[in-house]
Amino acid sequence: MAERNTHISKGNQHIEMGALEGRSVLELEDENLISPRRIDIKTSSHEVTPRRSFHDPGLEVLGCKFLLKKALKSIRIVLLSDKLNLLVPFGPLAILVENFTSHHGWVFFLSLLGIIPLAERLGWSTEQLAFYTGPTVGGLLNATFGNATELIISMYALRNGMIRVVQQSLLGSILSNMLLVLGCAFFAGGIVHSNKEQVFNKGTAVMNSGLLLMAVMGLLFPAVLHFTHTELHFGKSELALSRFSSCVMLVAYGAYLYFQLTSEKSLYAPINEDGNQNDASSDDEEESPEISKWESIIWLSILTAWISVLSEYLVNAIEGASVAFNIPVAFISVVLLPIVGNAAEHAGAVMFAVKDKLDISLGVAIGSSTQISMFGIPFCVVVGWVMGCPMDLNFQLFETATLFMTVLVGAFMLQEGTSNYFKGLMLLFCYLIVAASFFVHIDPKSIQDKPKKP
């Protein structure tokens with residue numbers, strides 16, 4: 001009886017071993033279905049099929065298919081996920097019109113429309129990359145790429161000797177952000193949240209207002225020096241003062257970034273209605289990146305290059321568009337160009353204000369104005385210095401007075417740390433007055449641009 005039980009036990013062990021062996025073979029076969037390298041196991045003999053070489057044609061096909069699928073998915077996310085991208089074909093259309101016709105007005109108009117979605121996608125790609133770099137580097141990226149469109153347009157205009165277009169377009173970007181973008185954000189947020197008064201971090205607003213006043217000072221003194229005829233060396237002191245002031249402003253902006261991102265992080269945290277600071281982690285919506293880090297970098301490069309191409313066509317068509325549409329170059333530079341460059345920021349600021357996130361709206365509008373005034377303008381002066389172009393901070397009396405009044409109005413609107421739809425309405429009316437002023441303004445012939453011949 002014992003021998004019989006032993007025999008049965010051994011039989012069961014043999015069956016279990018066989019089952020395990022079969023299972024392991026099946027598991028290995030399943031793994032072969034998903035493994036890049038196929039391993040053929042023969043259970044009837046000890047022969048093993050040689051492994052395929054690293055340069056397996058089948059693997060190369062699979063790798064190409066994977067990369068193609070990933071690229072198509074990335075293109076779908078970047079180019080087909082936003083309705084604004086319907087304007088992208090206007091860019092190539094502008095190039096065709098330029099090459100086959102001489103209608104500079106249409107080239108300017110089509111280039112203007114083509115740049116709008118590219119500027120929006122450039123900002124979006126920067127936000128995607130910021131997910132991987134963290135808040136500190138992300139802040140620096142936003143500072144670098146936030147106004148990339150305006151700076152690229154300015155570089156092409158500077159290269160063509162169009163100093164007044166550079167000055168007026170950068171000035172218009174500040175005016176647009178301070179009055180139009182912020183006004184729309186306050187107005188939309190006030191209408192949606194009409195049952196309460198929206199609040200924002202007053203410390204951030206005061207800091208940015210101070211920097212904007214410093215920028216006004218940098219632009220004011222070269223203009224005063226010029227119009228009072230008190231230069232020590234006529235024709236040289238004004239330019240030398242502009243270059244020195246630009247270097248100081250760049251250093252001040254670098255110190256501001258360091259202070260903002262490292263020293264006083266708590267100062268820039270959003271606050272609620274009771275005046276208490278909220279932690280960013282308490283947000284209900286947990287955002288995550290839609291594309292990978294390297295995809296973000298590649299798209300940033302592609303979009304920047306495409307904006308650069310269209311900017312060249314846009315700048316070359318400004319004079320022709322002014323004649324074709326009978327619009328002053330000053331109005332095109334101060335009103336039309338900045339609206340295109342700030343289209344993405346405009347939409348973002350309004351969206352965040354509607355969601356009752358005014359601190360982010362202020363970061364978009366006032367922060368962008370600070371970047372242009374403390375970084376964009378001085379940077380163009382320094383680049384002009386390197387290129388041998390006499391770009392200075394003398395924006396002429398009319399433009400300097402407009403900037404001074406705009407900064408004062410903005411500072412008064414922000415000093416209480418509260419917002420409502422009426423404040424937004426006043427800012428919008430102020431922008432209408434500014435736009436109308438530049439529609440009837442023309443530069444004296446002595447300071448008008450004389451573009452270089454191509």
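Structure shown above.
Keep in mind the model is a prediction, meaning the values are calculated, not measured.

Participant: When you look at the pattern of salt bridges in this model, what are you seeing that I'm missing?
Facilitator: Side-chain pairs of opposite charge can arise whenever the charged atoms involved come near each other. In total, this model carries five salt bridges according to the counting rule given. Among the ionic pairs, R164 bridges to D443, the shortest N-O distance being 3.0 Å. Taken together, the residues R164 in helix α6 (residues 163-192) and D443 in the segment after α15 (421-439) connect sequence positions 279 residues apart. Taking the relative accessible area as the measure of exposure, R164 reaches 5% and is therefore buried. A relative accessible area of 11% means that D443 is categorised as buried. One salt bridge in this structure joins E416 and K423, with 3.4 Å as the shortest N-O distance.

Participant: Looking at this structure, how should I read the environment of V382?
Facilitator: Locating V382 in the fold gives a position in helix α13 (residues 358-387). For V382 and D392, which are 10 residues apart along the polypeptide, the C-alpha to C-alpha distance reads 9.1 Å. When near neighbours in sequence (up to four residues on either side) are disregarded, V382 contacts S246 and L250.

Participant: Which parts of the structure should I look at to understand the side chain of S373?
Facilitator: Assignment of secondary structure puts S373 in helix α13. Judged by relative accessible area, which is 2%, S373 ranks as buried. Of note is the side chain of S373, whose polar atom sits 2.9 Å from the backbone oxygen of S369.

Participant: Would you take a moment to explain the packing of helix α3 (residues 90-100) against helix α9 (residues 293-316) for this structure?
Facilitator: Between two packed helices, both the angle of their axes relative to each other and the distance between the axes serve to describe the pair. Running from N to C, α3 and α9 point in directions that differ by 40 degrees, and their axes come no closer than 10 Å. Between α3 and α9 lies a crossing of left-handed hand. Within the contact between the two elements, α3 uses G91, P92, I95, E98 and N99 and α9 uses W306, V309, L310 and Y313. Residues of the contact of α3 with α9, tallied by class, amount to six nonpolar, two polar and one charged.

Participant: Got a minute to help me understand the nonpolar core in this structure?
Facilitator: Within the largest apolar cluster, 91 residues are counted, with the highest numbers of intra-cluster contacts made by F108, L182, F186, L337, L362, I377 and L414. In terms of residue count, the dominant contributor to this core is α6 (15 residues). Those residues within four positions of L182 in sequence are excluded, and the remaining contacts are N177, L362, A365, I366, L414 and L427. Core analysis: the second largest hydrophobic core is formed by five residues, I77, W124, I291 and W299 among them.

Participant: Quick question: what am I supposed to make of the packing of α6 against helix α11 (residues 329-341) here?
Facilitator: For the pair α6 and α11, the least separation of the axes is 7 Å and the interaxial angle reads 50 degrees. In this view, α6 runs oblique relative to α11, as classed from their interaxial angle. Taken as a pair, α6 and α11 cross one another with a handedness that is right-handed. Seen from α6, the contacting residues are V165, Q168, S169, G172, S173, L175, S176 and L180; seen from α11, they are V329, A330, S333, V334, L337, P338 and I339.

Rules of the game
Here, residues in each chain are numbered from 1, in the same order as that chain's written sequence. Where totals are concerned, whole chains, interfaces and linings use all residues; where local detail is concerned, this predicted model gives features only for residues with pLDDT of at least 70, and gives and counts side-chain atom pairs only at 80 or more. As a rule here, side-chain values come from all non-hydrogen atoms in the structure, and water together with hydrogens is ignored. Just to be clear on terms, a salt bridge is a Lys or Arg side-chain nitrogen sitting within 4 Å of an Asp or Glu carboxyl oxygen. The secondary structure listing takes helices from DSSP runs of H or I that are at least 4 residues long and strands from runs of E that are at least 2 residues long, numbered from the N terminus. Buried residues are those whose accessible area, probed at 1.4 Å on protein chains only, stays under 20% of the maximum for their type, while exposed residues exceed 50% and partly exposed ones sit between those limits. Contact definition: two residues touch when any of their heavy atoms are within 4.5 Å. Polar contacts, as counted here, are pairs of nitrogen or oxygen atoms within 3.5 Å of one another; within protein the pair requires one atom able to donate a hydrogen and one able to accept it, and residues that are adjacent in sequence qualify only if both atoms are side-chain atoms. Helix axes use the C-alpha atoms of the stretch in contact, all axes being lines fitted to C-alpha atoms, and the angles between their N-to-C directions lie in the range 0 to 180 degrees. A crossing counts as left-handed when the near helix is turned anticlockwise from the far one by less than a right angle, and as right-handed when that turn is clockwise. Residues were grouped as follows: Ala, Val, Leu, Ile, Met, Phe, Trp, Tyr, Cys and Pro as nonpolar; Asp, Glu, Lys and Arg as charged; and all remaining residues, including Gly, as polar. In this text, buried Ala, Val, Leu, Ile, Met, Phe, Trp, Tyr and Cys residues form a nonpolar core when linked through side-chain atoms within 4.5 Å. These descriptions rest on fixed angle ranges, namely under 35 degrees for roughly parallel, over 145 for roughly antiparallel, 65 to 115 for roughly perpendicular, and the rest for oblique.

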